[in-house]
Amino acid sequence: MTSAPDDLASRGLRESATFDRTTIAAIQRAAETGIYDIRGWGAKRALPHFDDLLFLGASMSRYPLEGYRERCGTDVVLGARNARFPLHLDIPVTIAGMSFGALSGRAKEALGRGASETGTSTTTGDGGMTQEERGHSQHLVYQYLPNRYGMNPDDLRRADAIEIVLGQGAKPGGGGMLLGQKVSERVAGMRDLPVGIDQRSASRHPDWTGPDDLTIKINELREITDWEKPIYVKVGASRTYYDVKLAVHAGADVVVVDGMQGGTAATQEVFIEHVGIPTIAAIPQAVQALQELGVHKKPDGVQLIVSGGIRNGADVAKCLALGADAVAIGTAALIALGDNHPRYAAAYQALGSAAGFYDQFQAGQDPAGITTQDPDLQQALDPVAGGRRVANFLRVLTMEAQTVARACGKAHVTHLEPEDMVALTVEAAAMTRIPLAGTSWIPGQGSW
Amino acid sequence: MSTTFDLATTPLREVNAALHAPGISGDFVIGNPQGAHNVAVGLDAPVSVTVEGHVGYYAAGMNQRADVTIRGNAGTGLAENMMSGTVHVTGNASQSAGATGRGGLLVVDGDAAARCGISLKGLDVVVGGSVGHMSAFMAQRGRMVVRGDAGDALGDSIYEARLYVRGRVQSLGADCEPKEMRAEHLEELADLLKTAGFEEDDPASYTRYGSARTLYHFHSDNTY
């Protein structure tokens, strides 16, 4: 039986802040195995995040809307700049790209069902488009990734939008991996690979190398699909200001910025925790880039979708207030499906984990039936019930964002703006360029 | 009787849109490409298209069913991700020719630059001359024939694609090794050479390369 930290402290024992028990265990594991740790999920360390921001709400100087009767819009249009058929979404919360392969077919179907029920989009991943997903998704964004697994022009034409992926928040600059446990006959067939091998994905696209090439690549995709679809460009948050500028110059209709809290199905722990920047640090950089190019919040402009650690309607509202047009959720959507639910506590324990801690998405043994290709384990997830939970969650996120927006006097959630917020920490104030609460001070900009 | 488009006077968008028309068939000629990018991309019909001149990036990209001939040189990403049909370039091709190609036949009469056949997924590529470095990088499926030499790191991280090279290979990439030429390989190579118009070559003068399969399980997982 382990002792609670308070008991240890009362006995005069002091845990090292530098070498805490998690760190000690990691060193011991590395020394024991000689191999680095791979896991799913996103960054787990404490980072500056949306909790470091607060809304001010209306009072004398602002006029609030009545919470239960006055309209507060939530719809967004994405990609009207060039596409003949832009996306019209009912809510500004979308489902982020997650591959069939990383997720089960049932999980992809459930995400599609949940998104469709609430009038929003879901996204494929590095593994191609499945019929389950296309069939149950009203708006489906088709990811175009470096390895092009399962990529074909028929699916491009069946998509509602195309997202060119340059990176993701959990691993900017890194390629993907799908370990052999999950490379089933179906997954292998879709990816043109032998069954059961560890599948490595490239980190660079095979047929273009820089922003000038990307311009031509975007035009190729437009030509192939007869200029019907919006083209997104997704980047992992790192040098966001420059990346967004280059993406817009290359012709992106929508830019997706994924912060380091964004999830992954399988990446080295060292990558997840040490590469990239937090979501709140990336958004202002992206907005500045769009503003300087004159395409921010314009009908024919370039929309910004933000992802990476969005958990509730307050996070959604804060993203929008910082300047995003919409957000995307991944990890939170999996939790809504049933990931890390206490009902699987015994199964998690048998795997050496615990409900609330499970992150071994690469292993293919997920008792919740989400991150697995095992036909028996997949039965744990009912795609209809799962879809309903995702839809419920999306509705709650939207209603919570509306609640905040009304309190700030906004008739549409996208009318939220930076001046509706204050920062709780100096770090958050510096990153978001929002004043520290109770002051007018933004680090680096003027005085107290 | 063929239909002719002149890219000097007709916008590329109109040309590609015409070639995407439902139920289209027949022969088409595209004149004055002058290095234009994205010529004849996304075709999905049993048509014959001849491009009279040099083209830029992604010519015949994602081709399905069409037979495309380019009388000139081709830029980066020639016939990328092609699914079926044939693409034939009479000159040279720049880098990433046939990238991620899934089916059909790509023939380059001259040389192909770096990364030819990168991430190959089922396409057959026949190069009359030599190929540059990193060719067949991570090639998964399909076959690549090189009548000349290959540059550095041929077949790096290759999966199950089969490579046939007649000339010198500057160096092999990680996990790529020479393989025995068994009767079935001589036979399939003879077929490929014949289909591509190089039937005078002796298949026995080629060396086969493929995966040593040492990277298939890279022992980096840790689930504890």
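Residues numbered from 1 in each chain as written. Chains lettered and ligands numbered in written order. Predicted model: local features only at pLDDT ≥ 70, side-chain atom pairs only at ≥ 80, totals over all residues. Heavy atoms only, no water.

Once that is clear, we can look at the overall build of chain A. When helices and strands are tallied, chain A shows 16 helices and 16 strands. A compact globule built from 448 residues would reach a C-alpha radius of gyration of about 22 Å, and chain A, at 22 Å, matches this within 12%. The long-range fraction of contacts in chain A, counting pairs at least 24 apart against all pairs at least 6 apart in sequence, stands at 66%. When the accessible area of chain A is evaluated, it comes to approximately 17800 Å², of which 54% is carbon and sulfur surface. (Helix = DSSP H or I, 4+ residues; strand = E, 2+ residues; numbered from the N terminus. Rg over C-alpha atoms; globule rule 2.2 N^0.38 Å. Contact = heavy atoms within 4.5 Å. Areas by Shrake-Rupley, 256 points an atom, 1.4 Å probe, with all protein chains shown as cover.)

As a further point, take the domain arrangement of chain A. Residues and elements named next belong to chain A. Domain boundaries in chain A define domain 1 (16–41) and domain 2 (50–432). The distance between the C-alpha centroids of domain 1 and domain 2 comes to 29 Å. Between domain 1 and domain 2, the residue contacts involve 6 residues of the former and 20 residues of the latter. Counting the surface domain 1 buries against domain 2, the share from its top three residues, Ile38, Arg39 and Trp41, is 77%. (Domains from an automatic or database assignment. Buried area = accessible area lost by both parts, 1.4 Å probe.)

Each partner contributes residues to the interface: chain A has 48 residues there, and chain B has 44 residues. Counting each side, the surface lost to burial between chain A and chain B is near 3800 Å², with a carbon and sulfur contribution of 52%. The three residues of chain A that bury the most area against chain B are Asp192, Arg200 and Glu223 of chain A, which together make up 19% of that side's buried surface. Applying the counting criterion to the chain A and chain B interface returns 6 salt bridges. Taken together, chain A and chain B are joined by 20 residue pairs in polar contact (both at pLDDT 80 or more). Split into classes, the residues belonging to the side of chain A that touches chain B amount to 20 nonpolar, 12 polar and 16 charged. (Salt bridge = Lys/Arg side-chain N within 4 Å of Asp/Glu carboxyl O. Polar contact = N/O pair within 3.5 Å; in protein donor to acceptor, adjacent residues only side chain to side chain. Nonpolar A, V, L, I, M, F, W, Y, C, P; charged D, E, K, R; others polar.)

Right, let's talk about the pairing of strand E8 (residues 161–165) of chain A for a bit. Along a regular strand, successive side chains alternate from one face of the sheet to the other. Residues and elements named next belong to chain A. Burial analysis of E8 places 5 of its 5 residues in the buried class, the great majority of the element. Across the two faces of E8 the burial is the same, with Ala161, Glu163 and Val165 and Ile162 and Ile164 all buried. When strand E7 (residues 139–144) meets E8, the two strands line up parallel, connected through 4 bridges. Each bridged residue has a counterpart across the sheet, and for Tyr144 the counterpart in E8 is Ile164. Handedness of the E7-helix H5 (residues 153–158)-E8 crossover: right-handed. Pairing analysis gives 4 bridges linking E8 to strand E11 (residues 231–236), with the strands arranged parallel. Paired with Val165 across the two strands is Lys234, which belongs to E11. (Buried < 20%, exposed > 50% of the residue type's maximum accessible area, 1.4 Å probe, protein only. Pairing = 2+ DSSP bridges. Right-handed = clockwise from strand over helix to strand, strands pointing away.)

Turning to the sheet that holds E11 of chain A, a few remarks are in order. Residue and element names in this part refer to chain A. Within the open sheet, the 8 strands sit side by side as E5-E15-E14-E12-E11-E8-E7-E6. Their pairing is parallel. Sheet topology places strand E5 (93–95) and strand E6 (121–123) at the edges, where each strand pairs with a single neighbour. Taking each pair of neighbouring strands and ignoring which way they run, the sheet shows an average axis angle of 30 degrees. Alignment of strand E14 (residues 303–307) against strand E15 (residues 326–329), held across 3 bridges, turns out to be parallel. Considered in E15, the bridge of Ile305 is made with Ala326. Here helix H8 (residues 240–250) sits on the sheet and contacts E11 and strand E12 (254–258); the angle it forms with E12, its principal contact strand, is near 155 degrees. (Axes fitted to C-alpha atoms, helices over the stretch in contact; angles between N-to-C directions.)

If you look at the biggest cluster of nonpolar residues, it comprises 94 residues, and the most contacted ones within it are Ile95, Ile164, Val257, Leu304, Ile329 and Leu337 of chain A. Ranked by the residues each element gives to this core, the list is headed by helix H10 (residues 279–292) of chain A, at 8 residues. (Core = buried A, V, L, I, M, F, W, Y, C linked by side-chain atoms within 4.5 Å.)

This brings us to the packing of helix H7 (residues 211–224) of chain A against H8 of chain A. Residues and elements named next belong to chain A. At a closest axis distance of 8 Å, the pairing of H7 and H8 adopts a crossing angle of 40 degrees. On the basis of the axis angle, H7 is oblique to H8. In this structure, the crossing between H7 and H8 has a hand that is right-handed. Counting all contacts with H7, which are made through Pro211, Leu214, Thr215 and Ile218, the residues of H8 involved are Leu246, His249 and Ala250. Residues belonging to the contact of H7 with H8 are distributed by class as follows: 5 nonpolar, 2 polar and no charged. (Parallel < 35°, antiparallel > 145°, perpendicular 65-115°, else oblique. Left-handed = near helix turned anticlockwise from the far one by under 90°.)

Once that is clear, we can look at the packing of helix H11 (residues 313–322) of chain A against helix H15 (residues 383–407) of chain A. Residues and elements named next belong to chain A. Two elements in contact, H11 and H15, have axes separated by 7 Å at closest approach and are oriented at 60 degrees. Judged by the inter-axis angle, H11 sits oblique to H15. Two packed elements cross with a definite hand, and for H11 against H15 that hand is right-handed. In contact with Gly313, Ala314, Val316 and Ala317 of H11, H15 contributes Leu397, Glu400, Ala401 and Val404. Taken together, the residues of the contact of H11 with H15 sort by class into 6 nonpolar, 1 polar and 1 charged.

Residue and element names in this part refer to chain A. Along the polypeptide, Arg433 turns up in the segment after helix H16 (426–432). Expressed as a C-alpha distance, the spacing of Arg433 and Pro443, which sit 10 residues apart in the sequence, is 7.6 Å. With residues up to four places along the chain from it excluded, the contact list for Arg433 reads Pro284, Gln285, Gln288, Ala428, Ile442 and Gln445. Separated by 2.7 Å, the side chains of Arg433 and Gln288 make a polar contact.

Given two aromatic rings, their pairing is described by the distance between the two centres and the angle made by the two planes. Overall, the coordinates contain 8 aromatic pairs over all chains when judged by the stated rule. Among the aromatic residues, those joined into a cluster by ring pairs are Trp41, Tyr344, Tyr348, Tyr358 and Phe361 of chain A. The ring of Tyr58 of chain B carries Lys217 of chain A above its face, with NZ or CZ at 4.0 Å from the centroid. Directly above the aromatic system of Trp227 of chain A lies the positively charged group of Arg222 of chain A, at a separation of 5.2 Å from the ring centroid. (Phe/Tyr/Trp six-rings, centres within 6.5 Å; stacked < 30°, edge-to-face > 60°. Lys NZ or Arg CZ within 6 Å of the ring centre and 35° of its normal.)

Residue and element names in this part refer to chain A. The sites that UniProt annotates as "domain: Glutamate synthase" (unreviewed entry) are residues 82–338 and 366–409. From the first C-alpha to the last, residues 82–338 spans 38 Å; its make-up is 36% helix and 19% strand. The span residues 366–409 is 66% helix and 0% strand, and its two end C-alpha atoms sit 44 Å from each other. (UniProt positions renumbered as here; feature names shortened; annotations may be inferred.)

In this section: the sheet that holds strand E1 (residues 2–6) of chain B. Residue and element names in this part refer to chain B. What the 11 strands build is an open sheet, ordered E1-E2-E3-E4-E5-E6-E7-E8-E9-E11-E10; its pairing is mixed. Of all the strands in the sheet, just E1 and strand E10 (176–179) have a single pairing partner and so form its edges. Across the sheet, the mean angle from the axis of one strand to that of its neighbour is 15 degrees, orientation sign disregarded. As judged from the 4 bridges shared by strand E3 (residues 47–52) and strand E4 (residues 67–70), these two strands associate in the parallel manner. When the bridges of E4 are listed, Thr50 appears paired with Thr69.

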